[in-house]
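Reading the structure
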Amino acid sequence: MALPLPAGLTPPEIAFLCEMELVTVIPRQRLEGLDLLGGRTPPLIPPQRANLPLWLALLLKRQRRANILPPPWLHPSALLTILELEHAGQSAPPRLPPAPPGSLPISPPFLPSSTAAAPRDALPYHWLELGEILLEAASDDFEDPDGVRRLMRDLREVRMASMRKGVGMFDAQGGFNMTGFGGMEVGEGRAFIGGVIDGLRKIGAARERSGDGDQDDQDNGFPSTADDYDDDEMDM
Amino acid sequence: MSYYDIDAILTDAQKVPCTFELTVPGLGFLDGNMGGDMKKDSKVELPIWLGEMLSLSEMMNTDSLVTLGIPSALGPRVSNALKADPKTVDLRALASHFYNLATRLLEMYVEDINKAEEQEMIRVLTETFKARAAVIADQANNVRGTLGEGADFLRGLDENERQLFRAAHDSAKSVRAWVAEGMKKK
């Protein structure tokens, strides 16, 4: 590969994507609505809360023009509940907040999953990035930043462990179910999980050639044809 | 496997036992017998790239020059050890490109492996790879493991597994670096 960058996104890139999430701010100064590419931002009138993209909120926070209201799931008690859930159900997938009924947008940047109105018992897609960014830029807006930081770390450990545990079960459904994992976690696991699948595929490729394709698809779980392999091997 | 893939080249340089079916004049140097002849039925360890070429015979409509055997790294002893406990076998000592060697041999026609054995071998390899991959992921995320009791295991990783370890370790590291960078800015 000529490109020095690994496949997938690097952590700073994932964090950049996360800055499109909406967060709730409490403005300290008036500000008219701004015409941005993503639409007009709500006008800021001091005591009223407003939802802004994270990057704008961070900018205002840095200039001391606004306070950021951490989303409910970043509260220590909510994190503790989620952590217990993760501990209890070993294989219980980390959960995404449900989409509001009847709403057209269903994926993270457009779902208000990190505003003050977000559900408190589900982690959104960008939970890790958002949590870290807020803890770093707006730790004075948290009641207990150190506690939150500690719980975030625990939660991350538990979830990474459950991801790693999944490696042993690769064969069953022939893929790896990453539903519910956050952006940063997917980015972190990508190289390893991709490598394992690739290694298994190479070992399985020999089996294909030996002729008993049908039977093998069942226990290896990677149904594929000889043509696929040729294509794959070209760019390795 | 690409033409420029260094791992593919190194895989091909690993040796397989070959048995000569014919007496070849002047080929004794392969066996350390300078200037002599290669006797029929003599066994020599040849690199895969050479053994593969010599064992191909259909094109010339003759008996093949050599028959390939199974290298000891893929023999029944190793496969039994892998079945017993995949995590304690030092694959690197057996072959530095263990999995590549195995898949390469399975691609070729090897005299003394039949279909059932072949299937069994692939099954054992798949199970081994999965079991070891789980441990690799644990080790890569756990700094202390690499220095303490994990060191022996890591030394026994084959080249594929090393790359896997590296990938897992690097991505964990880059996330840690990103978090640390954010803290420093503050």
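In this report, the structure presented in the accompanying data block is examined. (Residues numbered from 1 in each chain as written. Chains lettered and ligands numbered in written order. Predicted model: local features only at pLDDT ≥ 70, side-chain atom pairs only at ≥ 80, totals over all residues. Heavy atoms only, no water.)

Let's talk about the overall build of chain A
- Summing up its helical and strand segments, chain A has nine helices and five strands in all.
- Along chain A, from the amino end to the carboxyl end, the secondary structure elements read α-β-β-β-β-α-β-α-α-α-α-α-α-α.
- Out of the 236 residues in chain A, the part that is buried amounts to 45%.
- For chain A, restricting intrachain contacts to residue pairs at least 6 apart in sequence, the fraction spanning at least 24 positions comes to 67%.
- With an accessible surface of roughly 12400 Å², chain A has 58% of that area assigned to carbon and sulfur atoms. (Helix = DSSP H or I, 4+ residues; strand = E, 2+ residues; numbered from the N terminus. Buried < 20%, exposed > 50% of the residue type's maximum accessible area, 1.4 Å probe, protein only. Contact = heavy atoms within 4.5 Å. Areas by Shrake-Rupley, 256 points an atom, 1.4 Å probe, with all protein chains shown as cover.)

Overview of helix α1 (residues 11-18) of chain A
- Of the residues making up α1 of chain A, those classed as buried are Pro11, Ile14, Ala15 and Cys18 of chain A. With its buried residues spanning 100° around the axis, α1 of chain A presents them on a single face. (Arc of directions from axis to C-beta.)

Quick notes on the packing of aromatic side chains
Residue and element names in this part refer to chain B.
- Applying the stated criterion to the full structure yields two aromatic pairs over all chains.
- On the basis of an interplanar angle of 85° and a centroid distance of 5.5 Å, the ring pair of Phe98 and Tyr99 is categorised as edge-to-face. As far as burial versus exposure is concerned, Phe98 and Tyr99 are alike and both buried.
- Judged by centre distance (5.1 Å) and plane angle (80°), the rings of Tyr99 and Phe129 are edge-to-face. Remark: Phe129 occurs in helix α6 (residues 115-140) and Tyr99 occurs in helix α5 (residues 98-107); sequence separation between them is 30 residues. Like Tyr99, the residue Phe129 is buried in the burial classification.
- Within the aromatic cluster, the residues linked to one another by ring pairs are Phe98, Tyr99 and Phe129. (Phe/Tyr/Trp six-rings, centres within 6.5 Å; stacked < 30°, edge-to-face > 60°.)

Points about empty space enclosed by the protein
- If you walk through the whole model with that rule in mind, you get three cavities of 30 Å³ or more.
- Within this model, the largest cavity holds a volume of roughly 100 Å³.
- For the largest cavity, the lining is made up of 12 residues, of which Met160, Arg164, Gly189 and Phe192 of chain A together with Asn141 of chain B are closest to its centre.
- The set of elements that each furnish at least two residues to the lining of the largest cavity consists of α5 (145-165) and α7 (183-209) of chain A together with α9 (159-185) of chain B.
- Ranked by the residues each element gives to the lining of the largest cavity, the list is headed by α7 of chain A, at four residues.
- Counted by class, the lining of the largest cavity contains seven nonpolar, three polar and two charged residues. (1 Å grid on protein atoms, 1.4 Å probe; cavity = no way out; pocket = protein on both sides within 12 Å on 5 of 7 lines; lining within 4 Å. Points joined across faces, edges and corners; volume = space filled by probe spheres on them. Nonpolar A, V, L, I, M, F, W, Y, C, P; charged D, E, K, R; others polar.)

Description of a nonpolar patch on the surface
All names here are of chain A.
- Together, Leu9, Phe16 and Leu17 make up an exposed nonpolar region whose accessible area comes to about 310 Å².
- Along the chain, Leu9 turns up in the segment before α1.
- With relative accessibility at 39%, the residue Leu9 sits in the partly exposed group. (Patch = residues over 30% accessible without salt bridge, like charges linked within 9 Å, V, L, I, M, F, W, Y side chains within 5 Å. Salt bridge = Lys/Arg side-chain N within 4 Å of Asp/Glu carboxyl O.)

Some remarks on the pairing of strand β1 (residues 15-20) of chain B
Residue and element names in this part refer to chain B.
- Extensive coverage of β1 is indicated by the burial of five of its six residues.
- Note that β1 and strand β3 (residues 66-68) share three bridges and pair antiparallel. Across the sheet, Cys18 pairs through a bridge with Leu68, a residue of β3. (Pairing = 2+ DSSP bridges.)

Comments concerning unusual backbone geometry
All names here are of chain A.
- Phi at Arg64 takes a positive value of approximately 60°, unusual for a residue other than glycine.
- If you trace the backbone, Arg64 turns up in the loop between α2 (54-62) and β5 (66-69).
- With a relative accessible area of 63%, Arg64 lands in the exposed category.

Describing the pairing of strand β1 (residues 22-27) of chain A
All names here are of chain A.
- The pairing of β1 with strand β4 (residues 50-53) spans four bridges and is antiparallel. Bridging from a neighbouring strand, Thr24 pairs with Asn51 of β4.
- Bridge count between β1 and β5: four bridges; the pairing is antiparallel. Across the sheet, residue Val25 finds its bridge partner in β5, namely Ile68.

Comments concerning the sheet that holds strand β2 (residues 43-47) of chain B
All names here are of chain B.
- The three strands lie next to each other as β2-β1-β3, forming an open sheet whose pairing is antiparallel. Taken across any chain shown, the strands that pair with only one partner, and hence form the sheet edges, are β2 and β3. Ignoring strand direction, the axes of neighbouring strands in this sheet form an average angle of 40°.
- On top of the sheet, helix α2 (residues 48-55) reaches β1, β2 and β3; it is set at about 115° to β2, its chief contact. (Axes fitted to C-alpha atoms, helices over the stretch in contact; angles between N-to-C directions.)

Regarding the nonpolar core
- Judged by nonpolar contacts, the single largest core of 51 residues is most densely connected at Phe192 of chain A together with Phe20 and Phe98 of chain B.
- Listed in part, the 39 residues of the second largest apolar core include Leu44, Leu60 and Leu83 of chain A together with Val175 of chain B. (Core = buried A, V, L, I, M, F, W, Y, C linked by side-chain atoms within 4.5 Å.)

Describing the environment of Ser77 of chain A
- Summarising the element assignment, Ser77 of chain A is placed in helix α3 (residues 76-88).
- A C-alpha to C-alpha distance of 9.9 Å links Ser77 of chain A and Gly147 of chain A, two positions 70 residues apart in sequence.

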